[in-house]
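Structure assessment
One-letter residues, chain by chain:
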Amino acid sequence: MYYESIKVLDCTIRDGGLVNKHDFSLEFVRRLYTLLSAAGVDYMEMGYKNSPELFDPKEYGPWKFCEDDLLWKVKDGIDSKMKMAVMADVGRVNMDAVKPADQSPYQMFRVASYVKNIDKGIEMVNAFHDMGYETTLNIMAVSRDRGPELDEALHQVNEECKADVLYLVDSFGAFYQEDIDKEMARYRGIVKNKQFGFHGHNNQQLAFSNTIQAIINHVDFLDGSVSGMGRGAGNCTTELLLGFLKNPKYDLRPVLDAYQELFLPLQAKYEWGYIIPQMITGMLNRHPQDAIAVRKTEDKDNYSKFYNHMMND
């Protein structure tokens, strides 16, 4: 599947940071930055741009905050055309601390917003746009919010939002391929002035196939993570995505090296990816927090008990 406008964004450090509280070493991130650059990946999402006044830096690693000095250190001495992105959650960013894009180590801001907060999400996107950044608006948990409120939000995005890219986000890993078709038709029917992106989760082993379906719908911005590392069931894997695209600008081999060198050791320490409790939350279109919680208990492998609990909750 090849068309020139496709861009691959690797979200390993940001979404994967939800697995280990964003506690990657600088050396780890620099090595991944080097390898993803060699692979031809278009964007690397470095983490969240959260305010340390709202989150205790003692509780989280540095990629929860993505201070400019840290990101300059990632790039130092590495020849790369890959762009850096950071994610901003509504209400969690000190806007006064954000420098204009021409003074920043990163080029893209991704703003995450639920439908109910779309006013604030648009306000943040527009502020970042006016500071010179490439911008995306990622509307979260659409699988749970597909009523007229979503249509209203999309009309507001079309009329007021300066984002370059509007993302369809399968936060709970609940979508099937027909959902991708339906929602992309809905997005395109209302929003006429944006490119589109897709971010999937792998609760039902469908993150890759749903990403393919997004490509069939000519979605240009595609998210993946190396080994699928991400919250709960994780994401579409970057290695599968690059292998599928058959685009000569991408080279799969550096991503395979990253998997072997960086992520196999992490898998011995942290859990992510497809497991039965995550499957159950995906089937039920539920937030993965219950599956994450049960995996920390003595009943972590009592799947029927968890299923019964979720069905009766």
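Each remark here, short or long, concerns the structure printed above.
In short, a report on the structure. (Residues numbered from 1 in each chain as written. Predicted model: local features only at pLDDT ≥ 70, side-chain atom pairs only at ≥ 80, totals over all residues. Heavy atoms only, no water.)

**What to know about the side chain of N50**
The following threshold applies: Working definition: helices are DSSP H or I runs of at least four residues, strands are E runs of at least two. Numbering for both runs from the N terminus. Contact definition: two residues touch when any of their heavy atoms are within 4.5 Å.
Within the secondary structure, N50 is located in the loop between β2 (43-48) and α3 (68-75). Excluding residues within four positions of it along the chain, N50 makes contact with F55, K64, F65 and R92.

**What about unusual backbone geometry?**
Convention followed: In this scheme, a residue with accessible area under 20% of its type's maximum is buried, one over 50% is exposed, and one in between is partly exposed, where area comes from a 1.4 Å probe on protein chains only.
In this structure, Q205 takes a positive phi of about 65° despite not being glycine. Mapping Q205 onto the fold places it in the loop between β7 (195-200) and α7 (207-216). Overall, the relative accessible area of 47% leaves Q205 in the partly exposed class. Within the chain, H218 stands out as a residue other than glycine whose phi angle is a positive 60°. Summarising the element assignment, H218 is placed in the loop between α7 and β8 (221-224).

**Observations regarding a negative patch on the surface**
As a reminder, the rule being used: Patch membership requires over 30% relative accessible area and the absence of a salt bridge. Like charges are linked within 9 Å, and nonpolar side chains (Val, Leu, Ile, Met, Phe, Trp, Tyr) within 5 Å. All accessible areas in this document rest on Shrake-Rupley with a 1.4 Å probe, and a residue is counted as covered only by the protein chains that are shown. The salt bridge definition used is simple: a Lys or Arg side-chain nitrogen within 4 Å of an Asp or Glu carboxyl oxygen. Only four residue types enter the charge count: Lys and Arg as positive, Asp and Glu as negative, with His and the chain ends excluded. Here the site of a charge means atom NZ of a Lys, CZ of an Arg, CG of an Asp or CD of a Glu.
Taken together, the side chains of D119, E123, E159 and E160 present a region of like negative charge at the surface. Elements with a contribution of two residues or more to the negative patch: α4 (118-130) and α5 (148-160). Relative to the assigned elements, E160 resides in helix α5.

**Here we look at the pattern of salt bridges**
If charged atoms from side chains of opposite charge come close, those side chains can pair. Per the counting criterion, the structure on display carries 21 salt bridges. Here R31 and E261 are joined by a salt bridge, their closest N and O atoms 3.0 Å apart. On the criterion of sequence distance, the pair formed by R31 in helix α2 (residues 26-39) and E261 in helix α9 (residues 253-267) is long-range, its members being 230 residues apart. For R31, a relative accessible area of 32% puts it in the partly exposed group. Close ionic contact of R110 with D223 constitutes a salt bridge, the shortest N to O distance being 2.9 Å. In this pair, R110 sits in strand β4 (residues 108-113) while D223 sits in strand β8, placing the two residues 113 residues apart along the sequence. A single burial state applies to R110 and to D223, both of which are buried. Among the ionic contacts, a cluster of salt bridges with common partners joins R14, D15, E45, R110 and D223.

Everything listed here is a matter of coordinates, which is why it stays silent on function.
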